[in-house]
Amino acid sequence: MTTTTRAGIARAAHQGWEIAELTLDEPKAHEVRVRFHAAGLCHSDDHITQGDAPVRFPIVGGHEGAGVVEAVGPDVRRVAVGDRIVCSYIPACGSCRPCSTGHQNMCVTGLNAATGMFLDGTYRFHLGEEDLGGFCSLGTFSERAVVSEWACLPLADDISFEIGALVGCGVPTGWGSAVYAAGVRAGDTVVIYGAGGVGSNAVQGARYAGAKNVVVVDPVEFKRDMAKVFGATHTFADAGEAHDFVVDATRGQLADHAICTPGVLTEQVVQSAVQVTGKSGKVTVTAVGKIDERAVKVHAGQLILYAKQVRGALFGDCNPLYDVPKLLDLYRSGDLKLDELITRKYRLDELNDAYRDLADGKNIRGVVVHEV
C-alpha cells in the first residue's frame, strides 16, 4: 500500500524548489507516517539548492516540522497514532554511545542525513521509479513523510504546530550554541555574527544565561532591530564597529565569546570572531559555509599564546528529548520569544518565494503551513 503526497523537491543544485507529487511507502519497523501541518524554512535547506550541501539528488527538502502521527510501523513505542509531534532533525535513539553519554545531538541513527536513506538501505519517497530521501531523513516540505520514531518528540496541545516546527532545529541550535556549546555565564560579553533564525536564538540564550553585553553584527537593519527584541544590548552592521565597541566596553579585555551564526559562514566572519575574543576566549562555529571553501584558518599562535578556543556546535549541543520540552516551558513562561521569530507564513507553492525573502533579509524565520 502506498500514499501520495505533494512535496517540495530539489532535483539538482541551482535549480530551486519544484513541487511534485510523490508516492510514499508505509512505515516499517520503528518508523511512523506523519501528516505535517507546518515546516520551518531554515537556511540549511537553502544550502541544498545553492550547491553548498553535499546531498543525494533529488531530495525532499525540509528538516523543521510538526504534525500528527497517521500510522505506525511494527515495534514503535515512542509515539502512537493521533499524537501531535515535533520532528527533531537529529534523531535520538537513546541507546547508542552518544545518546547514552548525554550527546543525543550526535546520535548514530542520524548518519544518513544527507541522503535520507533509512537504516535498512531503502527509501520511502518515490517519484515514479526514482527513489528520493528526505533531508535529515525527514522531508518536512512534504505534506506527509515516513520518519524514524526516534525523530519524534511530543508536542503538547497548547503549542501551535508553527511554533513546534521551530524547536526541531533553529531554536535549540541557536540557544544551545550560547548556553551549552559556548557556555555563556553571568557578566560575560558575547558577540554574535548573524541574527537570523539561529542567531536570534543565540541572542536569547546568551541574554538568559546572564551575559552583560550581547553584541550582534548583521548587515540587515531589520535583523538588527529584531535582535534587540530578543535581548541584544548593542547591534552593529559592521564587524569592525563591533570590535571597537567591545574594546571600549571591556577596557581592552575583549569578548568572552563569539558565536558564528551567519547565513553563510566565511573566513572573514571567523577571523573577526577570533580577533574580538580576549584571553581564554571561545569562538563557537554553528553556521555552514560553502562546500569548496575552508572558513576556519587560524594562526596557532593566537590559540596558544592567548589560550583561545575555536569549536563547532551541532544542534547547539542540545539533547532533544530533554531540551525541546524545556525550551517550550520557557516559551510558556514568557522567558523565550518564539512567536516573534515567525516573520511570515507561506503555502508550499510559495517555497521559492520564501527562500528569495530569506536571501533578501526579509525574514527571521519563514514557515510553510501545509493545507490540512
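Residues numbered from 1 in each chain as written. Predicted model: local features only at pLDDT ≥ 70, side-chain atom pairs only at ≥ 80, totals over all residues. Heavy atoms only, no water.

1. Side note on the sheet that holds strand β12 (residues 213-217)
The strands making up a sheet are joined through hydrogen bonds of the backbone, oriented either antiparallel or parallel.
Okay, step 1: The strand order across the open sheet built from six strands is β13-β12-β11-β14-β15-β16, with neighbouring strands paired in parallel fashion. Because the sheet does not close on itself, it has two edges, and the strands there are β13 (234-236) and β16 (309-312). For this sheet, the mean angle separating the axes of adjacent strands, direction not counted, is 15°.
Okay, step 2: Bridge analysis of strand β11 (residues 189-193) against strand β14 (residues 255-260) gives four bridges, and the strand direction is parallel. (Pairing = 2+ DSSP bridges. Helix = DSSP H or I, 4+ residues; strand = E, 2+ residues; numbered from the N terminus. Axes fitted to C-alpha atoms, helices over the stretch in contact; angles between N-to-C directions.)

2. Some thoughts on helix α6 (residues 221-229)
Okay, step 1: The set of residues buried in α6 consists of Lys223, Arg224, Met226 and Ala227. Taken around the axis of α6, the buried residues stretch over an arc of 165°, which confines them to a single face.
Okay, step 2: The secondary structure elements touched by the buried residues of α6 are α5 (199-208), β12 and β13. (Buried < 20%, exposed > 50% of the residue type's maximum accessible area, 1.4 Å probe, protein only. Arc of directions from axis to C-beta. Contact = heavy atoms within 4.5 Å.)

3. Let's talk about a negative patch on the surface
Okay, step 1: A contiguous patch of negative charge on the surface is contributed by Asp238, Glu241, Asp244 and Asp248.
Okay, step 2: Position of Asp248 among the secondary structure elements: in helix α7 (residues 239-249). (Patch = residues over 30% accessible without salt bridge, like charges linked within 9 Å, V, L, I, M, F, W, Y side chains within 5 Å. Areas by Shrake-Rupley, 256 points an atom, 1.4 Å probe, with all protein chains shown as cover. Salt bridge = Lys/Arg side-chain N within 4 Å of Asp/Glu carboxyl O. Lys, Arg positive; Asp, Glu negative; His and termini not counted. Charge placed at Lys NZ, Arg CZ, Asp CG, Glu CD.)

4. Quick word on the side chain of Gln271
Okay, step 1: Among the secondary structure elements, Gln271 is positioned in helix α8 (residues 267-276).
Okay, step 2: A relative accessible area of 17% places Gln271 in the buried class.
Okay, step 3: In this structure, Gln271 is in contact with Lys297 and Val298, ignoring residues within four places of it in sequence.

5. Describing the pairing of strand β18 (residues 365-369)
Okay, step 1: Of all five residues that make up β18, four are buried, and the element is covered over most of its length.
Okay, step 2: With four bridges joining them, strand β3 (residues 31-41) and β18 adopt antiparallel strand pairing. When the sheet's bridge partners are listed, Ala39 is paired in β18 with Val368.
Okay, step 3: Taken together, the four bridges between strand β17 (residues 342-346) and β18 define a ladder with parallel strand orientation. Among the inter-strand pairings, Lys345 is bridged to a residue of β18, identified as Val367.

6. Considerations on the layout of surface pockets
Okay, step 1: Taken as a whole, the second largest pocket spans an internal volume of roughly 250 Å³.
Okay, step 2: Lining the second largest pocket are 17 residues, and of these Thr250, Gly252, Gln253, Leu254 and Ala255 lie nearest its centre.
Okay, step 3: Counting only elements with at least two residues in the lining of the second largest pocket, the list comes to β14 and β15 (277-285).
Okay, step 4: Considering each element in turn, the lining of the second largest pocket owes the most residues, three residues, to β15.
Okay, step 5: Class assignment of the residues belonging to the lining of the second largest pocket gives a composition of four nonpolar, eight polar and five charged. (1 Å grid on protein atoms, 1.4 Å probe; cavity = no way out; pocket = protein on both sides within 12 Å on 5 of 7 lines; lining within 4 Å. Points joined across faces, edges and corners; volume = space filled by probe spheres on them. Nonpolar A, V, L, I, M, F, W, Y, C, P; charged D, E, K, R; others polar.)

7. Quick look at the packing of helix α4 (residues 170-182) against α5
Okay, step 1: Look at α4 against α5: their axes get within 7 Å of each other, and the N-to-C directions meet at 40°. By the angle between their directions, the pair α4 and α5 is classed as oblique. Crossing of α4 over α5 shows right-handed handedness. Two secondary-structure elements touch here, α4 through Gly170, Val171, Gly174, Trp175, Ala178 and Val179 and α5 through Asn201, Ala202, Gln204, Gly205, Ala206 and Tyr208.
Okay, step 2: Residues that form the contact of α4 with α5 fall into these classes: seven nonpolar, five polar and no charged. (Parallel < 35°, antiparallel > 145°, perpendicular 65-115°, else oblique. Left-handed = near helix turned anticlockwise from the far one by under 90°.)

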